[in-house]
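# A look at the structure
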Amino acid sequence: MEEAMQIGHTSGDGAFTKKCQEFFRSKFGMANTLLTTSATHALEMCAILAEIEPEDEVIMPSYTFSSTANAFALRGARIIFVDSLKEHPNMDPSAVEAAITDRTKAIVVVHYGGVACDMDRIMAAASSVDAMVIEDAAQAIDAYYKGKPLGSIGHMAAFSFHGTKNISCGEGGLFVANSKELYKKAEIIREKGTNRNEFFRGEVDKYGWIGVGSSYLPSDLLAAFLLAQLESLSVIQRQRILLWEQYHLKLSSLQNIGFSLPMILEDGTNNGHVFYLICRSMQDRIDMISFLMQKGVKAVFHYLPLHKSPYHLSQVEEVPLLVNAELYGERLLRLPLFAGMTDDEHDLICNSVLEYCGLV
Ligand SMILES: *Cc1c(COP(=O)(O)O)cnc(C)c1O
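Residues numbered from 1 in each chain as written. Predicted model: local features only at pLDDT ≥ 70, side-chain atom pairs only at ≥ 80, totals over all residues. Heavy atoms only, no water.

### A word on the confidence of the model for the protein chain
Considering every residue of the protein chain, the mean pLDDT works out to 97; 100% of them sit at 70 or more. Averaged over each element, pLDDT in the protein chain is lowest for helix α8 (residues 196-200) (89) and highest for strand β8 (residues 156-160) (99). (pLDDT = per-residue confidence, 0-100. Helix = DSSP H or I, 4+ residues; strand = E, 2+ residues; numbered from the N terminus.)

### Structural notes on unusual backbone geometry
Its identity as a non-glycine residue notwithstanding, Glu51 has a phi of 55°, on the positive side. Structurally, Glu51 is set in the loop between α3 (39-49) and β2 (57-61). Positive phi is not limited to glycine here, since Asp267 has a value of about 75°. Assessed through its relative accessible area of 34%, Asp267 is described here as partly exposed. (Buried < 20%, exposed > 50% of the residue type's maximum accessible area, 1.4 Å probe, protein only.)

### Side note on the site of the ligand
In the neighbourhood of the ligand, 16 residues make up the surrounding shell, with Thr40, Asp136, Gln139, Ser160 and Lys165 lying closest. Measuring from an oxygen atom of the ligand, one finds a backbone N or O atom of Ala39 at 2.8 Å. A distance of 2.8 Å separates an oxygen atom of the ligand from a polar side-chain atom of Gln139. Its free accessible area being 380 Å², the ligand has 93% of it covered by the protein chains. Here the residues of the shell around the ligand sort into five nonpolar, nine polar and two charged. (Near = heavy atom within 4 Å. Polar contact = N/O pair within 3.5 Å; in protein donor to acceptor, adjacent residues only side chain to side chain. Areas by Shrake-Rupley, 256 points an atom, 1.4 Å probe, with all protein chains shown as cover. Nonpolar A, V, L, I, M, F, W, Y, C, P; charged D, E, K, R; others polar.)

### A word on the packing of aromatic side chains
By the definition in use, this model includes 16 aromatic pairs. Summarising the aromatic geometry, the rings of Phe23 and Phe24 are spaced 6.0 Å apart at their centres and angled 70° between planes, so their arrangement reads as edge-to-face. With a relative accessible area of 16%, Phe23 lands in the buried category. Members of the aromatic cluster, joined through ring pairs, are Tyr63, Phe65, Tyr112, Tyr276, Tyr303 and Tyr328. A cation over a ring is seen here: Lys19 above Phe16, with NZ or CZ 5.2 Å from the ring centre. (Phe/Tyr/Trp six-rings, centres within 6.5 Å; stacked < 30°, edge-to-face > 60°. Lys NZ or Arg CZ within 6 Å of the ring centre and 35° of its normal.)

### Digging into the environment of Cys357
Structurally, the position occupied by Cys357 is in the segment after α14 (343-356). For Cys357 and Ile257, which are 100 residues apart along the polypeptide, the C-alpha to C-alpha distance reads 8.4 Å. With near-sequence residues (within four places) excluded, Cys357 lies in contact with Leu254, Ile257, Phe259 and Met288. (Contact = heavy atoms within 4.5 Å.)

### Description of the nonpolar core
With 45 residues, the main nonpolar core has Phe24, Ile107, Ile141, Phe159 and Phe161 as its most contacted residues. Among the elements of the structure, α2 (15-28), α5 (93-99), β4 (104-110), α6 (119-127), β8, β9 (173-177), α9 (220-231) and α10 (233-250) are those that each provide at least two residues to this core. By size, the runner-up hydrophobic cluster in this structure holds 41 residues, among which are Ala50, Tyr183, Ala186 and Tyr303. (Core = buried A, V, L, I, M, F, W, Y, C linked by side-chain atoms within 4.5 Å.)

### Digging into the pairing of strand β1 (residues 33-36)
Where burial is concerned, the two faces of β1 agree: the one with Thr33 and Leu35 and the one with Leu34 and Thr36 are both buried. Taken together, the four bridges between β1 and β9 define a ladder with antiparallel strand orientation. Paired with Thr36 across the bridge in β9 is Gly173. (Pairing = 2+ DSSP bridges.)

### Description of the state of the cysteines
Summed over the entire model, instances satisfying the criterion amount to zero disulfides. Unpaired in terms of disulfides, Cys20 finds its nearest cysteine sulfur in Cys169, a separation of 7.8 Å. (Disulfide = S-S within 2.5 Å.)

### Quick look at the pattern of salt bridges
Per the counting criterion, the structure on display carries 14 salt bridges. Arg78 is the salt-bridge partner of Glu57, the closest N and O atoms lying 3.7 Å from each other. Of this pair, Glu57 sits in strand β2 while Arg78 sits in strand β3 (residues 78-82), placing them 21 residues apart in sequence. The class of Glu57 is buried, set by a relative accessible area of 8%. Using a relative accessible area of 40% as the deciding quantity, one classes Arg78 as partly exposed. Close ionic contact of Glu191 with Lys192 constitutes a salt bridge, the shortest N to O distance being 3.3 Å. A residue is classified by how much of its surface remains accessible, and Lys192, at 40% relative accessible area, is partly exposed. What you see here is one network of salt bridges that share partners, running through Glu187, Arg201 and Glu203. (Salt bridge = Lys/Arg side-chain N within 4 Å of Asp/Glu carboxyl O.)

### Looking at the sheet that holds β9
With mixed pairing, seven strands are arranged side by side in an open sheet as β1-β9-β8-β5-β4-β2-β3. Edge positions in the sheet fall to β1 and β3, since each has one partner strand and no second. With direction set aside, neighbouring strand axes in the sheet form an average angle of 20°. Sheet topology places strand β5 (residues 132-136) next to β8; three bridges connect them, and they run parallel. Within β8, the position partnered with Asp136 by the bridge is Ala158. Contacts from α2 reach β1, β8 and β9, with the element oriented near 130° to β1. (Axes fitted to C-alpha atoms, helices over the stretch in contact; angles between N-to-C directions.)

What follows is the structure, encoded as structure tokens:
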């Protein structure tokens, strides 16, 4: 960050922004990336690029963060929420297939906890109606589907570097395009609707307002912070995955008394983003949260399914019954997971969970 200050280019698209984008090219083969101020903003860019218009249908899971839907709602889309799988919070590809109509303009997949959705099936479903596939890869850095990095499979993708993610700069994100054409348009959207980037590359002799857009570039100071995190990716990932595996091992007996532990779907990998328990009931979750709190452990639940959110209810006349999304909304509980957690901290958490369950 000091170096960024010394160079004196503290606004967006400086040397460190380029180095972060270069990291994604060399490590994951993503040639068309743009650092953004958040994954939410990268998703907003995707919605503009997908040319979403009022009444276009966009299919996505209900069990996700508001940003996934909000980016498309801003453009007037009709959001079609589908259910999660029974065995995993990821959306059910057969529900996606059933939701496709000739008005489907885009499908947004969310790789929950960095575990890959069934991309072959979803890409095939999308191409049957010429819809775009956008990967909300906010949680999915360094995670793979059949060996391919998540975020490189759909037409576009968004990563997050929010403080809660594996790699973070406080607030930040990355837009990914899978074609030069989308990438060139994305540059303009990210630069307030101007072709400023082309101007600085000497491709045009003046720049101006040529389309709609916004200000989606982060400061190069944040990019410098982010680059240091990216350079430590393998260390951070090794620690997180180890903690995840130790949780699974130490807590496996919970499965005998009605809890479920996280699983990695076939064709996916584990990037150690989140370790969760599926409690036996909503009350069980409430009780466990307060028990753990007394032990000094902060465990938290996750999404409230969006198909029942106050905003969506104000927009539609009827809501579908999405039993699995609702189950995760009521029973999923996340345990602390961060690089740098000590063995003592990990033991305290595991022992407290086992004690709550009467297993020690
Ligand atoms: C964190 C997250 C986002 C939002 O990321 P920001 O960078 O905070 O905008 C969107 N979608 C999912 C699935 C997330 O986990």
